Amino acid sequence: MAIIALAMAVNMMAGDFVKVKNGRFVRGGKPYYYVGANFWYGPILGSEGPGGDRARLRRELDEMQRLGIDNLRILVGADGLPGVEDKIEPVLQSRPGVYNDSILAGLDYLLTEMSKRKMVAVLYLTNSWEWSGGYGFYLENAGGGKAQQPNEVGYSAYVKYASQFATNQKAQQLFFNHVNFILKRTNRYTGKPYTDDPAIMSWQICNEPRAFDKAALPQFEAWLAKAASIMKSIDKRHLVSIGSEGAFGCEVDYDSWQRICSDPNVDYCNIHIWPYNWGWAKKDSLMLNMQRAKDLTKEYLDRHLDICAKINKPLVMEEFGYPRDGVSFSKQSATTARDAYYNYVFSLLADDLAKGGYFVGYNFWGWGGDAQP
């Protein structure tokens, strides 16, 4: 709670772009640290089509603002034809360059409402995973074969399929076209070009980009470098970030992650940490494995912070999570293990702040709000 209070205490002014100076974030000439949330579905709620609920969106933003959450990580998607199991709907881009105007309006509305509350957005433009189309959408439309779904073909087959993206220049070009379209938009409600909107903190290339093949790391790094360069060529006022899990997103190659983050067009670094998903804790022993989860979290964070110190760039843990007790999805289930893990993770930022480190913020996964799972 002390970290949330700190984030609320920072004097942030609407109209100020978030910048990086001396390896830290600044906003309105003051240090900017934050506890934020993942809110991938914000543009859907902001639409007036299927899935839209603007009254709920305003309530959710008000509640997050009350809690001191002022930074939202948001998907600019999803992609592909509807009717695919395990993929979110409604989609933004059904075919390359064919956009759902209702979702675009929802994104405009979301940014407008966030600006009123002095919130800022991190907008990621694709995904390595199937749940929003992502790699598979671009590969299928570039002639790489039908988009694969892990629940149908298995995880190994999906990885083999998705690994094509790092070397498929046609698929990458379709993605670059999407980047060009989104970054050059003008908000219909404010009349403000996206490039001039301080409600956007960062353009983010991809959610959890992966090469999915160690041999493809050079091409993977080149794709990210080109994407960052294109973003900066269009928009020099906003920050650019990768959306990386860290070394786990680079086939556990820390040198690859350092090279990616060292790119002059990349303004700050990201990691994600998922103790349960990564096997650091088990379903029947979430509390029993807590110390192990904490120790491995600290080790993973510290290795990335060491790299950030070398390249003088800030680090955000922009995804982390821990299950409810028993890995239940019921709102009535206990959160003993989750609370313990979250308290520990928040303490890491406080500790790093005290020693003037490079750890500057979080986006926990994820904000559920009024949803009824």
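A. The pairing of strand β8 (residues 120-124), seen in detail. Counting buried positions along β8 yields five of five residues, so the element is predominantly enclosed. Burial along β8 is two-sided: the residues V120, V122 and Y124 and A121 and L123 are all buried. Of the pairings in the sheet, the one linking strand β5 (residues 71-75) to β8 comprises five bridges and is parallel in character. Paired with I74 across the two strands is L123, which belongs to β8. Pairing of β8 with strand β9 (residues 200-204), which is carried by four bridges, proceeds in the parallel orientation. Counted as the bridge partner of Y124 is Q204 from β9.

B. Inspection of the pairing of β9 at higher detail. Of all five residues in β9, five are buried; the element is thus mostly enclosed. Bridge analysis of β9 against strand β10 (residues 239-241) gives three bridges, and the strand direction is parallel. Looking across to β10, one finds that Q204 is bridged to S241. Viewed along the sheet, the connection from β9 through helix α9 (residues 217-234) into β10 turns out right-handed.

C. Seen up close, the sheet that holds strand β2 (residues 24-27). Read across the sheet, three strands follow the order β1-β2-β3 without closing on themselves; strand pairing throughout is antiparallel. Because the sheet does not close on itself, it has two edges, and the strands there are β1 (19-21) and β3 (30-31). Here β1 pairs with β2 via three bridges, running antiparallel. Along β2, the bridge assignment pairs K21 with R24.

D. Broad picture of the pattern of salt bridges. Using the criterion set out here, one finds 18 salt bridges in the structure. As a salt-bridge pair, E318 and R73 come within 3.2 Å of each other at their nearest N and O atoms. Taken together, the positions of E318 in strand β12 (residues 315-320) and R73 in strand β5 put the pair 245 residues apart, joining distant regions of the chain. The pair formed by E318 and R73 is uniform in burial state, with each residue classed as buried. With its nearest N and O atoms 2.6 Å apart, the salt bridge here joins D108 to R185. Separated by 77 residues along the polypeptide, D108 in helix α4 (residues 101-116) and R185 in the loop between α8 (169-183) and β9 bring together distant segments of the chain. A network of salt bridges, in which partner residues are shared, links D62, E113, K116 and R117.

E. Quick look at the state of the cysteines. Using the criterion set out here, one finds zero disulfides in the structure. Free cysteine C261: the closest other cysteine sulfur is in C269, separated by 3.7 Å. Note on C308: no disulfide assigned, nearest cysteine sulfur contributed by C269 at a separation of 3.8 Å. Given a relative accessible area of 0%, C308 falls into the buried group.

F. Examining the sheet that holds β5 more closely. Pairing in this open sheet of eight strands is parallel, and the strands run β10-β9-β8-β5-β4-β13-β12-β11 from one edge to the other. Two strands in the sheet have a free side with no partner beyond their single neighbour: β10 and β11 (269-273). Taking each pair of neighbouring strands and ignoring which way they run, the sheet shows an average axis angle of 25°. Packing against the sheet, α4 makes contact with β5, β8 and β9, and its axis sits at approximately 150° to β8.

G. Here's a closer look at the environment of P150. Structurally, P150 is set in helix α6 (residues 150-153). For the pair formed by P150 and E130, sequence separation is 20 residues and the distance between their alpha carbons is 7.8 Å. Contacts of P150, omitting those with residues within four sequence positions, involve E130, Y155 and Y158.

H. Up close: the confidence of the model for the protein chain. Taken over all residues, the pLDDT of the protein chain has a mean of 95, while the share at 70 or more is 96%. Ignoring residues within four places in sequence, the model shows residues 1-14, a span with pLDDT below 50, making 27 contacts including any to other chains.

I. Representation of the packing of aromatic side chains within the structure. In total, this model carries 38 aromatic pairs according to the counting rule given. For the pair W129 and Y155, a centre-to-centre distance of 6.4 Å together with 25° between the ring planes defines the contact as stacked. Residue W129 is found in the loop between β8 and α5 (134-141), and its partner Y155 is found in helix α7 (residues 155-162); the two are separated by 26 residues along the sequence. Given the relative accessible area of 47%, Y155 is considered partly exposed. Judged by centre distance (6.0 Å) and plane angle (50°), the rings of F175 and F176 are tilted. You'll find F175 and F176 in the same group, each marked buried. Taken together, the aromatic side chains of W129, Y135, F137, Y138, Y155, Y158, F165, F175, F176, F212, F220 and W223 make up a single cluster linked through ring pairs. Positioned above the aromatic ring of Y109 is the side chain of R54, whose terminal nitrogen or guanidinium carbon lies 4.0 Å from the ring centre. Its guanidinium or amino end placed over the ring of Y254, R303 lies 3.6 Å from that ring's centre, counting from NZ or CZ.

How each quantity is defined
- Residues numbered from 1 in each chain as written.
- Predicted model: local features only at pLDDT ≥ 70, side-chain atom pairs only at ≥ 80, totals over all residues.
- Heavy atoms only, no water.
- Buried < 20%, exposed > 50% of the residue type's maximum accessible area, 1.4 Å probe, protein only.
- Helix = DSSP H or I, 4+ residues; strand = E, 2+ residues; numbered from the N terminus.
- Pairing = 2+ DSSP bridges.
- Right-handed = clockwise from strand over helix to strand, strands pointing away.
- Salt bridge = Lys/Arg side-chain N within 4 Å of Asp/Glu carboxyl O.
- Disulfide = S-S within 2.5 Å.
- Axes fitted to C-alpha atoms, helices over the stretch in contact; angles between N-to-C directions.
- Contact = heavy atoms within 4.5 Å.
- pLDDT = per-residue confidence, 0-100.
- Phe/Tyr/Trp six-rings, centres within 6.5 Å; stacked < 30°, edge-to-face > 60°.
- Lys NZ or Arg CZ within 6 Å of the ring centre and 35° of its normal.

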